[in-house]
There are 2 protein chains.
Amino acid sequence: MGEIMAERAVTIRDVAKKAGVAVSTASRALGNGPASLETRQKVREVAQELNFVPNQAARQLTSGRSNIIAIAVPERTQFLFNDAFVSGMISHLADSFTQKTFLPFLALTGPHDTESLNKLLHDSGADGAVVLSFHYSKGLVDTLAQFDKPTIFIGQPPHHMNYPYVDVDSFHGGYEAAELLVQRGRRRIAIIAGPDDMLSPQQRTSGCVEGLAAAGLEPIAINVGDFTSAHGYQAMKEILADDPQVDAVFAHSDQIAAGAMQALSQYGKRVPQDLSIVGFDDFHVARALSPGLTTFAQPLADLAETATEMLAWRLRHGEWKTTAQVLPVTLILRGSL
Amino acid sequence: MGEIMAERAVTIRDVAKKAGVAVSTASRALGNGPASLETRQKVREVAQELNFVPNQAARQLTSGRSNIIAIAVPERTQFLFNDAFVSGMISHLADSFTQKTFLPFLALTGPHDTESLNKLLHDSGADGAVVLSFHYSKGLVDTLAQFDKPTIFIGQPPHHMNYPYVDVDSFHGGYEAAELLVQRGRRRIAIIAGPDDMLSPQQRTSGCVEGLAAAGLEPIAINVGDFTSAHGYQAMKEILADDPQVDAVFAHSDQIAAGAMQALSQYGKRVPQDLSIVGFDDFHVARALSPGLTTFAQPLADLAETATEMLAWRLRHGEWKTTAQVLPVTLILRGSL
DNA sequence: CTGAAAGCGCTAACAG
DNA sequence: CTGTTAGCGCTTTCAG
């Protein structure tokens, strides 16, 4: 009395004792082990009463599983923080893993800081990982090989990395963009593209090029850069300088489109009267622009859910059910066409 | 031979044996316990050689610590995924916790789904938490009380929740916005505000109102809504309808400002000739707009680092060094003023 | 179906 | 400074 008691968490022992059974019985009753209905009920009742919360570390230590999934994003900080695709994807992944009773653990590291990634992957005790990356280094390959637990990619990895993945049908998006612009009567079509060391911009471009080819056209310019509005602005100015008659732009991101429209307004060009613009992403900015941006919506939530399901299945069944799933983009029509 | 060996991870025992010392000695040598320089070197060398990775669960079980920090964001999914402040903040937090060798664990739940949050907080075995929320329910209060581990808020919580926090000086931002617009010669100034159930928009508004009052003015309108461009667009139209002479707008977010500018362009109003616009956030859209948006940059990285440091200190020393830190916003001048 | 007992891998007293 | 000895809380054989 009067002593300060160290507040000890209630353990399965306490539950067992109060329920009048052995610890092992309590464990089985709480889990899925064999136990009589009666025992099961009694034990669970007591556990509830005592507000028993199983110790994760102990469980992990014996069972060998942690239920932790690492979300690995080995990208430049600057890129990561500003890219709506990446940050949105992270949120959606965390959300769907939580839904499936996994614990999402966020491993953000520099693209070449494989040592950190290695450490994080190990220290977290993750049972598996989702990798969200666009730049594939030797270090990343080695790190993942060493991790040696079920791993899935968001976005198709290079062919020499034989990992399961979910991806967006970028090629088809590009193709559809071309069709759309051609239907609209446009003929002098420029592409302002994302980084050419990433697969999806390459696919968007080839889709568009092929779509144009089907109409006997080819792009009057393909201007490569990053996904920012600054790139869009700069590229648009260059394209206008080269060919003032340009009448359409397929931009690889909404941000790029925004920058392009900024340049156009400075040059007195009107959208959509003088030029049509089609973007990619359907993030916030697409709606904020004036006129609204016609664009292709990326299925972030679906990507996350699909990845979660694939990984969950792999973890439960020991093998992959499917090793790749490609999801379509959705055309969102707004005033810029 | 020919048998498939279950791949057993190397444990500290293996290291100890190979180094010719006791397990406890190895443990001390690897950690910060007392050990001769010689032993320490030898053990670490062997550990390296054997590629030893300490088992997180076991460590946690004995030490009682996990090094896991929960990043709790009890907000509507829809809000979370679209809000650049929230998603940027999450990334920055994950980043700075990683820097300090903590493991950031992402707990995203619905605002009223306190049961999930509770479960996540427990199951993750987190040593502490950062809460990033703007809507404070009874359920959240109870959940955190039950969590009962060091917890820090991003953004000042309501007064009845006596938690340490880091925050942005929203009031001052609002005040400065007012000064700026008045200096620019503006007199008919409207505020398009964020949600009034959040503290920071309230502060931005009162700062601005007070700043105007100092010049003998008051806002011609205060239009409350969410942070989206849709709100900005709608509000701007209403304000123009009520008072076509409006000559300045203080928008509580860059998105709001974007929407407002969209409405203005439809009404043939020019920025900055006819009206000045000041935003808040300095996210991507601020640069993508045309003209560029004058706005107040939020110190996301500083907020994250400060929170990390405060929590790390608390975890190490058993008490808070400071219980609140408020960081200034930075004026970014662009063409919209 | 249930109880006893043996660890999982590590850290933290406690002696030496 | 180092080795021995106990556990941390739980799951999982192994007998009964």
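- An unreviewed UniProt entry lists chain A under the name Transcriptional regulator, LacI family, from Parascardovia denticolens DSM 10105 = JCM 12538.

1. Concerning the protein's contact with DNA strand C
- As a matter of local geometry, DNA strand C sits amid 23 residues, with Thr-25, Thr-39 and Thr-62 of chain A together with Ile-12 and Ser-24 of chain B nearest to it.
- Contact distances for DNA strand C include 2.8 Å between a phosphate oxygen and a backbone N or O atom of Ser-36 of chain A.
- Interatomic distance of 3.2 Å between a side-chain N/O atom of Thr-62 of chain B and a sugar or linking oxygen of DNA strand C.
- Those elements giving two or more residues to the surface near DNA strand C turn out to be helix H2 (23-30) and helix H4 (56-63) of chain A together with helix H2 (23-30) and helix H4 (56-63) of chain B.
- Looking at the surface near DNA strand C element by element, the count peaks at 4 residues for H2 of chain B.
- Of the residues belonging to the surface near DNA strand C, the class tally is 10 nonpolar, 10 polar and 3 charged.

2. A word on the protein's contact with DNA strand D
- Lining the immediate surroundings of DNA strand D are 23 residues, of which Ile-12 of chain A together with Ser-24, Thr-25, Thr-39 and Thr-62 of chain B lie closest.
- Taking the atoms of DNA strand D that fall within 4 Å of the protein, sugar and phosphate contribute 57% of them.
- The backbone of Ile-12 of chain A places a nitrogen or oxygen atom 2.4 Å from a phosphate oxygen of DNA strand D.
- At a separation of 3.5 Å, a base oxygen of DNA strand D approaches a polar backbone atom of Thr-62 of chain B.
- For the surface near DNA strand D, the elements supplying multiple residues, two or more each, are H2 and H4 of chain A together with H2 and H4 of chain B.
- If one sorts the elements of the surface near DNA strand D by residue count, H2 of chain A sits on top with 4 residues.
- Split into classes, the residues belonging to the surface near DNA strand D amount to 10 nonpolar, 10 polar and 3 charged.

3. Let's talk about the pattern of salt bridges
- Following the criterion strictly, the structure yields 10 salt bridges over all chains and no others.
- As a salt-bridge pair, Arg-270 of chain B and Asp-274 of chain B come within 3.0 Å of each other at their nearest N and O atoms.

4. Observations regarding the UniProt feature "domain: HTH lacI-type" (unreviewed entry) in chain A
- With numbering matched to this structure, UniProt assigns "domain: HTH lacI-type" (unreviewed entry) to residues 10-63 of chain A.
- Annotated as residues 10-63 of chain A, this span is 70% helix and 0% strand, and its ends, taken at the C-alpha atoms, are 20 Å apart.

5. Observations concerning the interface of chain A and chain B
- On the chain B side, the residues contacting the 42 residues of chain A number 42 residues.
- Roughly 3900 Å² is buried in total at the junction of chain A and chain B, and carbon and sulfur atoms are behind 63% of that figure.
- Where chain A meets chain B, there are 0 salt bridges.
- If you list the elements that add at least two residues to the side of chain A that touches chain B, you get H4, helix H5 (77-82), helix H6 (84-99), strand S2 (103-109), helix H7 (114-123), helix H12 (254-266) and helix H13 (284-288) of chain A.
- Here the side of chain A that touches chain B takes 7 residues from H6 of chain A, the largest share from any one element.
- Residues belonging to the side of chain A that touches chain B are distributed by class as follows: 17 nonpolar, 20 polar and 5 charged.

So, how was this worked out
- Residues numbered from 1 in each chain as written.
- Chains lettered and ligands numbered in written order.
- Predicted model: local features only at pLDDT ≥ 70, side-chain atom pairs only at ≥ 80, totals over all residues.
- Heavy atoms only, no water.
- Near = heavy atom within 4 Å.
- Polar contact = N/O pair within 3.5 Å; in protein donor to acceptor, adjacent residues only side chain to side chain.
- Helix = DSSP H or I, 4+ residues; strand = E, 2+ residues; numbered from the N terminus.
- Nonpolar A, V, L, I, M, F, W, Y, C, P; charged D, E, K, R; others polar.
- Salt bridge = Lys/Arg side-chain N within 4 Å of Asp/Glu carboxyl O.
- UniProt positions renumbered as here; feature names shortened; annotations may be inferred.
- Contact = heavy atoms within 4.5 Å.
- Buried area = accessible area lost by both parts, 1.4 Å probe.

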